[in-house]
Amino acid sequence: PGAPLGGAMVLYGPQACEQGDRDCGYEYHTTPLYRTYGADDLCGPPANVEGARGFINPGFIYDAVMTDLVPGKRYYYRVGCQDAPEGWQ
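Residues numbered from 1 in each chain as written. Predicted model: local features only at pLDDT ≥ 70, side-chain atom pairs only at ≥ 80, totals over all residues. Heavy atoms only, no water.

> I tried to follow the overall build of the protein chain on my own but got confused; where do I start?
Of the regular secondary structure elements, the protein chain holds zero helices and five strands. In the protein chain, the order of α-helices and β-strands from amino to carboxyl end is β-β-β-β-β. In the protein chain, which comprises 89 residues, the share counted as buried stands at 25%. Pairs at least 24 residues apart make up 57% of the contacts formed inside the protein chain by residues separated by at least 6 positions. (Helix = DSSP H or I, 4+ residues; strand = E, 2+ residues; numbered from the N terminus. Buried < 20%, exposed > 50% of the residue type's maximum accessible area, 1.4 Å probe, protein only. Contact = heavy atoms within 4.5 Å.)

> Is there a simple way to explain the sheet that holds strand β5 (residues 76–81) in this structure?
Taken together, the three strands give an open sheet; going across it, the order is β2-β1-β5, and neighbouring strands pair in antiparallel fashion. Bordering the open sheet on either side are β2 (28–30) and β5, each of which pairs with just one other strand. Here the average twist between neighbouring strands, direction ignored, is 20 degrees. Where strand β1 (residues 8–13) and β2 come together, three bridges link them in antiparallel fashion. Bridging from a neighbouring strand, Y12 pairs with Y28 of β2. (Pairing = 2+ DSSP bridges. Axes fitted to C-alpha atoms, helices over the stretch in contact; angles between N-to-C directions.)

> Teacher, can you tell me more about the pairing of β1 here?
Within a regular strand, side chains alternate between the sheet's two faces. With six of its six residues buried, β1 lies for the most part within the structure. Residues A8, V10 and Y12 point to one face of β1 and M9, L11 and G13 to the other, with burial holding for every one of them. Bridge analysis of β1 against β5 gives six bridges, and the strand direction is antiparallel. Paired with Y12 across the strands is Y77, a residue of β5.

> What exactly am I supposed to notice about the packing of aromatic side chains here?
Centre distance and the angle of the planes are the two values used to describe a pair of aromatic rings. Enumeration over the complete set of coordinates arrives at four aromatic pairs. Ring geometry for Y12 against Y28: centres 5.2 Å apart, planes inclined by 25 degrees, an arrangement best described as stacked. Of this pair, Y12 sits in strand β1 while Y28 sits in strand β2; the two residues are 16 residues apart in sequence, bridging distant segments of the chain. Ring geometry for Y34 and F60: centres 5.6 Å apart, planes at 85 degrees, overall edge-to-face. Of this pair, Y34 sits in strand β3 (residues 33–35) while F60 is found in the loop between β3 and β4 (61–63), placing the two residues 26 residues apart along the sequence. For Y34, a relative accessible area of 48% gives the class partly exposed. (Phe/Tyr/Trp six-rings, centres within 6.5 Å; stacked < 30°, edge-to-face > 60°.)

> In this structure, what is going on with the environment of P58? I would like to understand it.
Considering the arrangement of structural elements, one finds P58 in the loop between β3 and β4. Taking the C-alpha atoms as reference, P58 lies 7.4 Å from Y37; in sequence the two are 21 residues apart. Once residues lying within four places of it in the same chain are set aside, the contact partners of P58 are T36 and Y37.

Right under this line is the structure:
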């Protein structure tokens, strides 16, 4: 697979925001790390055989850690990528 699109970000805070309003009041942000795997990372057939009914490219898997959270407090988050056609989720 190629590289992921740039600008991936996780925004979070105690206030919910409307769809499309990227900076409406999220107090915190973090940049996720990403990884992927290929057919050669799997143990054997059919999982590691490329083609129909075999290995399917998973795309990218993102991991992010949200810090400064207060126990018992509700948080809202938004994950997105400024360069993605779908924008923010």
